[in-house]
Structure formats: C-alpha cells, structure tokens
Amino acid sequence: MIQTIVTAHYEEMSQLAADQVAAFLIKKTNAVLGLATGGTPLGMYDRLIQMYHQGKVDFSHVTTFNLDEYIGLSKDHPQSYAYYMWHHLFSHVNVHQENVHIPPGVFEKQEQVQRDYEQAIERAGGIDLQILGIGENGHIGFNEPGMDLEVATHVVPLTEKTIQANARFFTSIDEVPRRAVTLGMGKIMQAKHILLLASGKEKARAIAQTVNGHIDPRIPSSFLQLHPHVTMIIDKEAAQEL
Ligand code: GLP
C-alpha cells in the first residue's frame, strides 16, 4: 500500500520527511535506517541535523545502511556516497562510526562485498525504515530498469539516463562512474517501512508509474506497490501526472 502525501514544495517535503524520521526514532531509538543519497534527501538531512542540535532527535543507538555506492570511488572521493553521507549528515550528528554501513566502492572480491553487506543487515535485524529517492527512470537505489531485477546486493552497470542525470554532480560526464554496487530489491522490499521522496517535474512520470502502473521490472519502483507500508512524500511538481 502506498500512502501518498503531496506537499507544496521541496522545503515542505523535506520538513515532513524529517518529522517522520524523527518521530520514528523517538519511538524506536535503536532503529536501523536505510539511507539514500542524491539531491532529494539533502533538505531532510539538513532538518534532521537541526533537530539533533535542538535535542529533538538522537542517533546514538541508530544503525545505518546506505543503499549504494559508485564503483571506483574511494570513500574520500568528494563524489562518493560515503563522502556525501559524512558531509551531509553523519559528521553533524551523534551516530557512532561503527554503526554506519556504506557499500565500499573499491574492493577486491565482489562476491564477498555483496555477501558481507547482506549479512550485516541481517545481523542488525533488517532495515526498520528505508529512505528512498527515485530515478527519472524509476530506479531505486541503483536497481536499474531491465527485463529482470536482482534480489540481492549486486554490481550494476548504470544506464545512460542515470549517468546523464548524475553528471550534474561531476565536472564532466566522463567522470561519472559506469558501475555501482547497490542493495538489491530483496532487502529494500524487506524493510519494515519505506519512505520515498521525490521533487520536481522530472520525477512526475516515474511517480505516476510507481503508483498507478503495472508492476514491471522496467519500472523498478513499481514493485513498491507490493509493500505493506510505503509512504511517499512528494512535491506537487512530482505529483503532476498522478
Ligand atoms: C541516484 C541514486 C538514488 C537516488 C536517485 C535520484 O542515482 N543512486 O539512490 O534516489 O539517483 O537522485 P536525485 O535525488 O538526485 O534525483
């Protein structure tokens, strides 16, 4: 079931999302959060940092797992998702470093990385609240559209559309990594609650297909229709094709 909340603009979306995460952490102080990167959740992270400074939210017992990472970027690379997370959230709140998990972008044995990440999530008891953004093509994490979808954490070639969309964070499109490691559909769908955020008209088509379309691996987000607890907080531009 997808509950949809349409907000007036990005700021309202971000505030509402932060309020929901904070309310969740007040109820479950040792929650396991699944976290997303990209432009969309930045406003929510900002507000969570403010709420932390106001004493309204505490991360000291929280465990986090990020959805994905670019292959080939070390965690100090400014465009890596590890750098993003420390820069935009973790360094500003009281989360313990040992409770933070981000798939490595540089590794020797791919299978081991994939297995270790899945096992770490299982040991933590699974994800309580998964934050998701959405690609213009309906990707979630880096589960790209295709004829089939992978259940487990895996390495994925990025589609041309995703490379183009993410080029805005790099000095040139050639610098965008061509592959990523991502949580598969399995652990995303096993999260107890999912909070999907979207803003802007570029996401309108994907949002409409997520909610109203058939369940189709060519629109990975459409599988969220099968999840019992999805809340979608979107601004009115992203809602314009609903
Ligand atoms: C990226 C990330 C996703 C993110 C999506 C949307 O490629 N892998 O996790 O949700 O694209 O990004 P943005 O929020 O910048 O539009």
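Residues numbered from 1 in each chain as written. Predicted model: local features only at pLDDT ≥ 70, side-chain atom pairs only at ≥ 80, totals over all residues.

As named in an unreviewed UniProt entry, the protein chain is Glucosamine-6-phosphate deaminase, taken from Pullulanibacillus camelliae. Among the UniProt annotations of the protein chain, the heading Function (unreviewed entry) holds the following wording: "Catalyzes the reversible isomerization-deamination of glucosamine 6-phosphate (GlcN6P) to form fructose 6-phosphate (Fru6P) and ammonium ion." Quoted verbatim from the Sequence similarities (unreviewed entry) heading of the UniProt record, the comment on the protein chain is "Belongs to the glucosamine/galactosamine-6-phosphate isomerase family. NagB subfamily." (UniProt positions renumbered as here; feature names shortened; annotations may be inferred.)

Visitor: Any chance you could break down the site of the ligand for me, citing the residues and the numbers?
Guide: Taken together, 14 residues lie around the ligand, and Ala36, Gly38, Gly39, Thr40 and Gly133 are the ones closest in. By residue class, the composition of the shell around the ligand is four nonpolar, nine polar and one charged. (Near = placed C-beta within 6 Å. Nonpolar A, V, L, I, M, F, W, Y, C, P; charged D, E, K, R; others polar.)

Visitor: Explain the UniProt feature "active site" (unreviewed entry) in the protein chain to me, and be specific about the residues and the numbers.
Guide: The UniProt entry lists Asp68, Asn137, His139 and Glu144 under the feature "active site" (unreviewed entry), expressed in the numbering used here. Position of asparagine 137 relative to the elements: it lies in the loop between β6 (129-132) and β7 (154-157). Taking the number of C-beta atoms within 10 Å as the measure of exposure, asparagine 137 has 19 and is therefore partly exposed. Position of glutamate 144 relative to the elements: it lies in the loop between β6 and β7. Glutamate 144 gets classed as buried once you count the C-beta atoms within 10 Å, which come to 23. Excluding residues within four positions of it along the chain, glutamate 144 makes contact with His139, Val156, Leu158, Thr159 and Thr162. (Helix = DSSP H or I, 4+ residues; strand = E, 2+ residues; numbered from the N terminus. Buried ≥ 20, exposed ≤ 12 C-beta atoms within 10 Å, placed from the backbone. Contact = placed C-beta atoms within 7 Å.)

Visitor: Give me the environment of valine 176: which residues, what numbers.
Guide: Residue placement: valine 176 occurs in the loop between α5 (160-166) and β8 (179-182). The spatial distance from the C-alpha of valine 176 to the C-alpha of leucine 129 is 29 Å, given a sequence separation of 47 residues. With residues near it in sequence (within four places) discarded, valine 176 still touches Ile163, Asn166, Ala167 and Phe170.

Visitor: How would you sum up the sheet that holds strand β10 (residues 230-235)? Please name residues and give values.
Guide: Read from one edge of the open sheet, seven strands run β1-β10-β9-β6-β2-β3-β5, paired in parallel fashion. Each edge of the open sheet is held by one strand with a lone partner, namely β1 (2-7) and β5 (100-101). In this structure, strand β9 (residues 193-198) lies alongside β10, joined through five bridges in parallel fashion. Looking across to β10, one finds that leucine 195 is bridged to threonine 231. Sitting on the sheet, helix α1 (residues 10-27) is in contact with β1, β6, β9 and β10, with an inclination near 155° to β10. (Pairing = 2+ DSSP bridges. Axes fitted to C-alpha atoms, helices over the stretch in contact; angles between N-to-C directions.)

Visitor: Which residues make up the environment of serine 199, and what are the values?
Guide: Among the secondary structure elements, serine 199 is positioned in the loop between β9 and α7 (204-212). The exposure class assigned to serine 199 is buried, which follows from the 26 C-beta atoms found within 10 Å. Among residues more than four places away in sequence, those in contact with serine 199 are Tyr10, Met13, Thr40, Ile234, Asp235, Glu237 and Ala238.

Visitor: Go over helix α3 (residues 81-88), please, and point to the residues and values.
Guide: For α3, the complete set of buried residues consists of Tyr81, Ala82, Tyr84 and Met85. Axial view of α3: buried residues confined to an arc of 160°, hence all on one face. (Arc of directions from axis to C-beta.)

Visitor: Just give me the short version of the environment of phenylalanine 65, but keep the residues and values in it.
Guide: With respect to the helices and strands, the residue phenylalanine 65 is situated in strand β3 (residues 63-66). With 118 residues separating them along the chain, phenylalanine 65 and leucine 183 place their C-alpha atoms 9.4 Å apart. The contacts of phenylalanine 65, once residues within four sequence positions are left out, are Val32, Gly34, His101, Ile121 and Ile127.

Visitor: I'd like a description of the packing of α1 against helix α2 (residues 42-53), backed by residues and values.
Guide: Orientation of α1 relative to α2, taken along the N-to-C sense of each, is 50°, at an axis distance of 8 Å. As the angle between them shows, α1 and α2 are arranged oblique. Both α1 and α2 take part in a crossing whose hand is right-handed. Residues Tyr10, Glu11, Ser14, Gln15, Ala17, Ala18, Val21 and Ala22 of α1 pack against Gly43, Met44, Arg47, Leu48 and Met51 of α2. Split by residue class, the contact of α1 with α2 holds eight nonpolar, three polar and two charged. (Parallel < 35°, antiparallel > 145°, perpendicular 65-115°, else oblique. Left-handed = near helix turned anticlockwise from the far one by under 90°.)

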